[in-house]
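Chain and residue survey
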Amino acid sequence: MTDEPVTRSGFVGILGRPNVGKSTLMNHLLGQKLSITSRKPQTTRYQLLGIHTVEQDQMVFVDTPGLHTEEPRALNRYMNREATTALRDVDVVVFVVDRDLWNEGDANVLERFSHLQCPVLAVINKVDQMPDTDQLLPHIEWLSQQYPFTEIVPVSALRSRNLDRLESAIRSHLPEGPHHFGDDDLTNRSSRFLAAEMIREKITRQLGAELPYTMAVEIETFEQEGNTLHINGLILVERQGQKKIVIGDKGSRLRQIGQESRLDMESLFGSKVMLRLWVKVRKGWADDERALRSLGYGD
Ligand code: GDP
Ligand code: MG
Ligand code: K
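Residues numbered from 1 in each chain as written. Chains lettered and ligands numbered in written order. Predicted model: local features only at pLDDT ≥ 70, side-chain atom pairs only at ≥ 80, totals over all residues. Heavy atoms only, no water.

**Topic: helix 8 (residues 252–269)**
Worth spelling out the cut-off: The helix count covers DSSP runs of H or I at least four residues long, the strand count covers runs of E at least two residues long, and both are numbered beginning at the N terminus. Expected span, for any helix, means 1.5 Å times one less than how many residues it has. Any residue under 20% of the maximum accessible area for its type is buried, any over 50% is exposed, and the rest in between are partly exposed; the area is computed with a 1.4 Å probe on protein chains only. Note that the arc is defined by the directions from the helix axis to the C-beta atoms. Here, two residues are considered to be in contact whenever any of their heavy atoms come within 4.5 Å of each other.
With 18 residues, helix 8 ought to run about 26 Å at 1.5 Å a step, and its terminal C-alpha atoms sit 26 Å apart, in line with that. Those residues of helix 8 not exposed but buried are Leu254, Ile257, Gly258, Ser261, Asp264, Met265, Leu268 and Phe269. An end-on view of helix 8 places all buried positions within 135° of arc, on one side of the element. Exposed residues pointing more than 90 degrees away from the buried face of helix 8 are listed as Arg255, Leu263 and Ser267. Check the buried side of helix 8 and you find it contacts helix 6 (191–207), strand 7 (216–225), strand 8 (228–237), helix 7 (240–247) and strand 9 (272–281). Gly270 occupies a position one or two residues after helix 8 and carries a positive phi of about 60°.

**Here's the deal with the coordination of the potassium ion (ligand 3)**
Cut-off, in case you're wondering: Because no water is among the atoms considered, metal sites can look incomplete, with donors defined as N, O and S atoms within 2.8 Å of the metal, or 3.2 Å for Na, K and Ca.
On the protein side, the potassium ion (ligand 3) has Asn19 (OD1), Ser38 (O) and Lys40 (O) as donor atoms, found 2.7 to 3.0 Å from it. Motif for the potassium ion (ligand 3), donor spacing along one chain: N-x18-S-x1-K. In this structure, the potassium ion (ligand 3) is positioned 4.8 Å from the magnesium ion (ligand 2). In this pair, Asn19 sits in the loop between strand 1 (9–15) and helix 1 (22–30) while Ser38 sits in the loop between helix 1 and strand 2 (48–54), placing the two residues 19 residues apart along the sequence.

**Digging into the site of ligand 1**
Applied cut-off: By convention in this text, a residue qualifies as near a molecule or strand provided that one of its non-hydrogen atoms is within 4 Å of it. We call two N or O atoms a polar contact when they sit within 3.5 Å, provided that within protein one can donate a hydrogen and the other can accept it, with sequence-adjacent residues counted only if both atoms are side-chain atoms. Using a 1.4 Å probe, accessible areas were evaluated by the Shrake-Rupley method; residue-level cover was limited to the displayed protein chains. Here a cavity denotes a set of grid points, spaced 1 Å apart and computed over the protein atoms alone, in which a 1.4 Å probe fits but from which it cannot get out, and a pocket denotes an open set meeting protein on both sides within 12 Å along at least five of seven lines; residues with an atom within 4 Å of a point are reported as lining. Molecule-in-pocket calls rest on the fraction of atoms, with more than half required to lie within 2 Å of the cavity or pocket grid points. Following the grouping adopted for this structure description, the nonpolar residues are Ala, Val, Leu, Ile, Met, Phe, Trp, Tyr, Cys and Pro, the charged ones are Asp, Glu, Lys and Arg, and the polar ones are all others, Gly among them.
Around ligand 1, the structure places 16 residues, and the nearest of them are Asn19, Gly21, Lys22, Thr24 and Asp128. The contact in question runs from an oxygen atom of ligand 1 to an N or O atom on the backbone of Val20, over 3.4 Å. Gly21 has a polar backbone atom sitting 3.0 Å from an oxygen atom of ligand 1. When ligand 1 is considered free in solution it has 590 Å² of accessible area, and contact with the protein chains removes 90% of it. In this structure, ligand 1 is accommodated by the largest pocket. Here the shell around ligand 1 takes three residues from helix 1, the largest share from any one element. Taken together, the residues of the shell around ligand 1 break down into three nonpolar, nine polar and four charged.

**So, the confidence of the model for the protein chain**
The condition is simple: Predictor confidence is given residue by residue as pLDDT, running from a minimum of 0 to a maximum of 100.
Per-chain confidence: the protein chain averages 88 in pLDDT, with 86% of residues scoring 70 or above. Ranking the helices and strands of the protein chain by mean pLDDT puts helix 5 (residues 163–173) first, with 98, and helix 9 (residues 289–294) last, with 65.

**Structural notes on the layout of surface pockets**
In this approach a probe as big as a water molecule rolls over the atoms, and the regions it shows empty are the leftover space. Stated precisely, the cut-off is as follows: Grid points are joined across faces, edges and corners, and a volume is the space filled by probe spheres set on the points.
There is about 660 Å³ of room inside the largest pocket. What lines the largest pocket is a set of 32 residues, among which Asn19, Thr24, Thr37, Ser38 and Arg39 lie closest to the centre. Only helix 1 and helix 6 provide two or more residues apiece to the lining of the largest pocket. The residue makeup of the lining of the largest pocket, split by class, is seven nonpolar, 17 polar and eight charged.

**Considering the packing of helix 1 against helix 5**
Using the following cut-off: The axes used here are C-alpha line fits, helices contributing only the stretch in contact, and every angle between their N-to-C directions lies in the interval 0 to 180 degrees. For classification purposes, angles smaller than 35 degrees are called roughly parallel, those larger than 145 roughly antiparallel, those between 65 and 115 roughly perpendicular, and all remaining angles oblique.
It is the contact of helix 1 with helix 5, at a shortest axis distance of 11 Å, that shows an interaxial angle of 85°. By the angle class used here, helix 1 and helix 5 are roughly perpendicular. Where helix 1 abuts helix 5, its residues Leu25, His28 and Leu29 lie against Leu163, Leu166 and Glu167.

**Comments concerning unusual backbone geometry**
Notably, Lys126 is not glycine yet its phi reads approximately 65°, a positive angle. Within the secondary structure layout, Lys126 lies in the loop between strand 5 (120–125) and helix 4 (136–146). Its identity is not glycine, yet Asn162 carries a phi of approximately 65°, on the positive side. Note on placement: Asn162 falls in the loop between strand 6 (151–154) and helix 5.

**Thoughts on the pairing of strand 3 (residues 57–63)**
To be explicit about the condition: If DSSP finds at least two bridges between two strands, the strands pair.
Counting buried residues in strand 3 gives seven out of seven residues, a clear majority hidden from the surface. What you see with strand 3 is no split at all: Asp57, Met59, Phe61 and Asp63 on one side and Gln58, Val60 and Val62 on the other are buried throughout. Pairing geometry for strand 1 and strand 3, over six bridges, is parallel. If you follow Gly10 over to strand 3, its bridge partner there is Met59.

**Let's talk about the environment of Ala216**
Tracing the chain through its elements places Ala216 in strand 7. Relative accessible area serves as the criterion here: at 1%, Ala216 is assigned to the buried category. Separated by 21 residues in the primary sequence, Ala216 and Val237 have C-alpha atoms spaced 6.7 Å apart.

The structure is reproduced here in structure tokens:
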């Protein structure tokens, strides 16, 4: 008789109000930048799986968009659907809160999954920004009164602090069973999708306040030729003025967006990348369900 180790495998929902660091946490748990992040709330628009196989265990992280309530645009409805379906089939929930005190946003998110039967781990993120670690204990105390969390783990996602402890906590609560994906798989999304997201991240980071949710990216060409990936991307905005902003003075902003995106792509795809970007005005795309579907949002 052989004594094979038990194989654990399952879906891990990463939930929390906007900007607590969900996508940063997923990337640092994976050791690979996959999900885009920025200081802007609702940077994450699409549900994205990050697949992490460690020894005999496989965690499939589900990074979710925040919930939009303010505007009834088609894009917001789409993001809410993405966040809600992500909840359905998870085996473990990682509920992320900021080192700052609890607010109504946290309570709203908690309420949405409090009916789930699975283990819920609470993560207090950004402890690197905590001026004094004495503040940690009262925070843990408070959290433990909000919900019967399976465990409460303080971390810094950005500095990869205490993530090994979080990872072993997650692994120990996964159900036993076979893997859902190949051991070398990293995500369920296509390389084209990831390329578009890398571009969207740079625009969001540089122009967040000036382009509120009115920009999308389409990859028109994605071709490997020899040792170089040739990628052509189209940036869609809603108004002529926004096009000028994205292009910048003598094209300087677009050049910078292109350079930074290319570096991310080269590291993600492990290949030299030739990237060309265009900006185009397409009116009303964020209000129009059909236009959204043609951009790859949708069921
Ligand atoms: P999400 O909206 O919950 O997915 O949050 P993001 O992952 O996009 O992160 C929001 C902002 O918080 C970004 O500017 C991150 O760099 C920052 N952030 C995330 N984790 C940490 C952390 O552990 N420490 C610090 N100082 N900043 C963090
Ligand atoms: Mg995010
Ligand atoms: K964000």
